[in-house]
Amino acid sequence: LASRRLGSAMSLLHAPAMRATPSATAVLASRRFGCAMSSLPEPKTTAVPSAAAPGPFGTADGGTVTGSVAPGYERFRDAFEANFARNWEDHAQLCIYHRGARVVDLSGHSGAENSHAYDAGSLQNIFSSGKNFEAIACLLLVDRGLLRYEDKISKHWPAFAQHGKDGITVEDLLRHEAGLQFFADPDTPDDFSKVRVPGIAEVSETKSGAVERLIEGSGCYGVGERMYHASTRGFVVGGLVRQMTGKTLGEFVYEEIATPLKIEAFIGASLEEQSKHAYAPMKKCSGKWTLVKEIFPALFGDGGDTDKGETLAMFKVIGRALMEKNSPLKGYAKAMPKEWEGGGGDHFHVSTPEGRLLEVSSGGVQSNARSLAKMGALLANGGTLDDVTLCSAASVDKAMGSPKRNRDNVWCMDLENSVGGFFDFGTMREIAGRPTPEGAARQKGFHGWAGKGGSLFLWNPDANMSIGYCMTGMMNG
């Protein structure tokens, strides 16, 4: 879940040098530190020579990295450049805030030529990292006294109560325990052999309530069980927000979060809005590389270029889940319309101009590392960054509190998340029966989520630190 390409960088976040400043004790004792302590030096560009065979995206020429790191944070640049030296990147960005200051701001592209004029401001799809914005929207509604996590969703959205959903709470939804990891067909609301998620036509009519009507007409399956709501949580949150505010989730995030904080994070954007930004296309991992570098080594007990045993462990997860009679993974395979894949290859519909019009918060947010890190910095700092306050420190603490560990029956691993729907990366205890103490130590104290292919959107309130990592080259997982 935490991108293996940046696994070494994650461990650096807790290195003693990162905290060895005269004011460290005072800052950590009072983490609500709002003003920037340091400024970045002038950006520099580094040509990174290749030090490995061709990578997962067919490149073998290393890359070029541009940007700045504050004194004392040079190892993050080393780790970022190492990804390009290993030919593990297509295009990528890394941004880190510490104590309210931006201390790492990097971007890079593979090879000698920058074919898409990619830089630190370029936007790309962050897939499930966008789920954090769903939870942040709910946090703001709670902060304003309009919503409580223990509220039944039907209190604010009466029609939601149909077909046995009357007892589902906001907390259930944010913890992925609402039994709505997919929706039943409205014609057979309690038959989960016919499951689905909204199609493109329905999502294009979000403002007219088409998605809400699909949700209202569905039953629920396994309320109280932790089953990752991969694509559906955002649609339900979106319906709740629209019922309460009259705004779609995309409008709410743009007006109430992105605009005041001056970040770029779009859950749906008009063609006019899109024309103001530079977007980078996503690129899938090479099938040949996957076979030679991941699958074959895993089958012979060696993780190859990945963490040792990682791929084999994931095979066990998938195999065990598919063997179970009522496995939610079977439902996912049935539910996901093929139209979202956009015809295969590197083409994802949510990464096309037409797809970017749609509000798909759980898998289609367009953003960059700078924006994710800045948003995370505000949360790590108690709801305020510089002169912008989005919510109170008490509301942030509440949203990140009441941790609950549960076995996720989709991931087949133990995950702990808060009442406000933020996962604690340091509590990942098991992947397919395999303990992960090193991974847990690296990620200790970091909250948030990651996205398909490797994006990261994390923050650590105790260290007052945040990290945003975005990329166009999508590794497996």
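See above for the structure.
Given the structure is predicted, the values throughout are model-derived calculations rather than measurements. (Residues numbered from 1 in each chain as written. Predicted model: local features only at pLDDT ≥ 70, side-chain atom pairs only at ≥ 80, totals over all residues. Heavy atoms only, no water.)

## A word on empty space enclosed by the protein
Right, so step 1: Scanning all chains against the criterion turns up two cavities of 30 Å³ or more.
Right, so step 2: Mapped by element, the contributors of at least two residues to the lining of the largest cavity are α8 (210-216) and α9 (233-245).
Right, so step 3: Grouping the constituent residues of the lining of the largest cavity by class yields four nonpolar, five polar and two charged.
Right, so step 4: The calculated volume of the second largest cavity comes to roughly 30 Å³.
Right, so step 5: Elements with a minimum of two residues in the lining of the second largest cavity: α4 (131-143) and β18 (447-450).
Right, so step 6: Split into classes, the residues belonging to the lining of the second largest cavity amount to two nonpolar, four polar and two charged. (1 Å grid on protein atoms, 1.4 Å probe; cavity = no way out; pocket = protein on both sides within 12 Å on 5 of 7 lines; lining within 4 Å. Points joined across faces, edges and corners; volume = space filled by probe spheres on them. Helix = DSSP H or I, 4+ residues; strand = E, 2+ residues; numbered from the N terminus. Nonpolar A, V, L, I, M, F, W, Y, C, P; charged D, E, K, R; others polar.)

## Notes on a nonpolar patch on the surface
Right, so step 1: Together, Leu 291, Val 292 and Phe 296 make up a nonpolar patch on the protein surface, roughly 260 Å² of accessible area in all.
Right, so step 2: Relative to the assigned elements, Val 292 resides in helix α12 (residues 287-299). (Patch = residues over 30% accessible without salt bridge, like charges linked within 9 Å, V, L, I, M, F, W, Y side chains within 5 Å. Areas by Shrake-Rupley, 256 points an atom, 1.4 Å probe, with all protein chains shown as cover. Salt bridge = Lys/Arg side-chain N within 4 Å of Asp/Glu carboxyl O.)

## Side note on α4
Right, so step 1: The terminal C-alpha atoms of α4, which comprises 13 residues, lie 19 Å apart, in line with the 18 Å expected from a rise of 1.5 Å per residue.
Right, so step 2: In terms of residue burial, α4 counts as a mostly covered element, since 12 of its 13 residues are buried. (Expected span 1.5 Å × (residues − 1). Buried < 20%, exposed > 50% of the residue type's maximum accessible area, 1.4 Å probe, protein only.)

## As for the layout of surface pockets
Right, so step 1: Of the volumes computed, that of the second largest pocket is approximately 390 Å³.
Right, so step 2: The wall of the second largest pocket is formed by 19 residues, among which Lys 207, Ile 267, Gly 268, Ala 269 and Glu 359 lie closest to the centre.
Right, so step 3: Going through the elements one at a time, α10 (249-261) and β8 (265-266) are the ones with two or more residues in the lining of the second largest pocket.
Right, so step 4: Element by element, the count of residues in the lining of the second largest pocket is highest for α10, at five residues.
Right, so step 5: Per-class residue counts for the lining of the second largest pocket are nine nonpolar, five polar and five charged.

## Quick word on the sheet that holds strand β10 (residues 366-367)
Right, so step 1: Read across the sheet, three strands follow the order β5-β10-β8 without closing on themselves; strand pairing throughout is antiparallel. What marks the edges here is a single partner per strand, and that holds for β5 (124-125) and β8.
Right, so step 2: As paired strands, β8 and β10 are joined by two bridges and run antiparallel to one another. Each bridged residue has a counterpart across the sheet, and for Ala 265 the counterpart in β10 is Ser 367. (Pairing = 2+ DSSP bridges.)

## Thoughts on the environment of His 277
Right, so step 1: Mapped onto the fold, His 277 is located in the loop between α11 (271-274) and β9 (283-284).
Right, so step 2: On a C-alpha basis, the gap between His 277 and Gly 121 in space is 8.4 Å, while along the polypeptide they are 156 residues apart.
Right, so step 3: In this structure His 277 touches Leu 123, Glu 264 and Phe 266, once residues within four positions along its chain are discounted. (Contact = heavy atoms within 4.5 Å.)

## Notes on the nonpolar core
Right, so step 1: Formed by 105 residues in total, the largest nonpolar core has its most connected members in Val 104, Phe 133, Ile 136, Ile 153, Val 236 and Met 375.
Right, so step 2: Here this core takes nine residues from α4, the largest share from any one element.
Right, so step 3: Sequence-distant contacts of Val 236, defined by excluding residues within four places in its chain, comprise Ile 153, Trp 157, Phe 160, Leu 173, Leu 180, Phe 183 and Ile 215.
Right, so step 4: Of all hydrophobic cores here, the second largest spans five residues; its members include Phe 57, Cys 285, Trp 289 and Met 475. (Core = buried A, V, L, I, M, F, W, Y, C linked by side-chain atoms within 4.5 Å.)

## Things to note about the side chain of Ser 371
Right, so step 1: The residue Ser 371 is located in helix α15 (residues 369-380) in this model.
Right, so step 2: Accessibility expressed as a relative area gives 4% for Ser 371, which makes it buried.
Right, so step 3: Here the side chain of Ser 371 touches Asn 368 through a polar contact of 2.8 Å, side chain to side chain.
Right, so step 4: With sequence-adjacent residues up to four places away left out, Ser 371 is seen in contact with Ile 263 and Glu 264. (Polar contact = N/O pair within 3.5 Å; in protein donor to acceptor, adjacent residues only side chain to side chain.)

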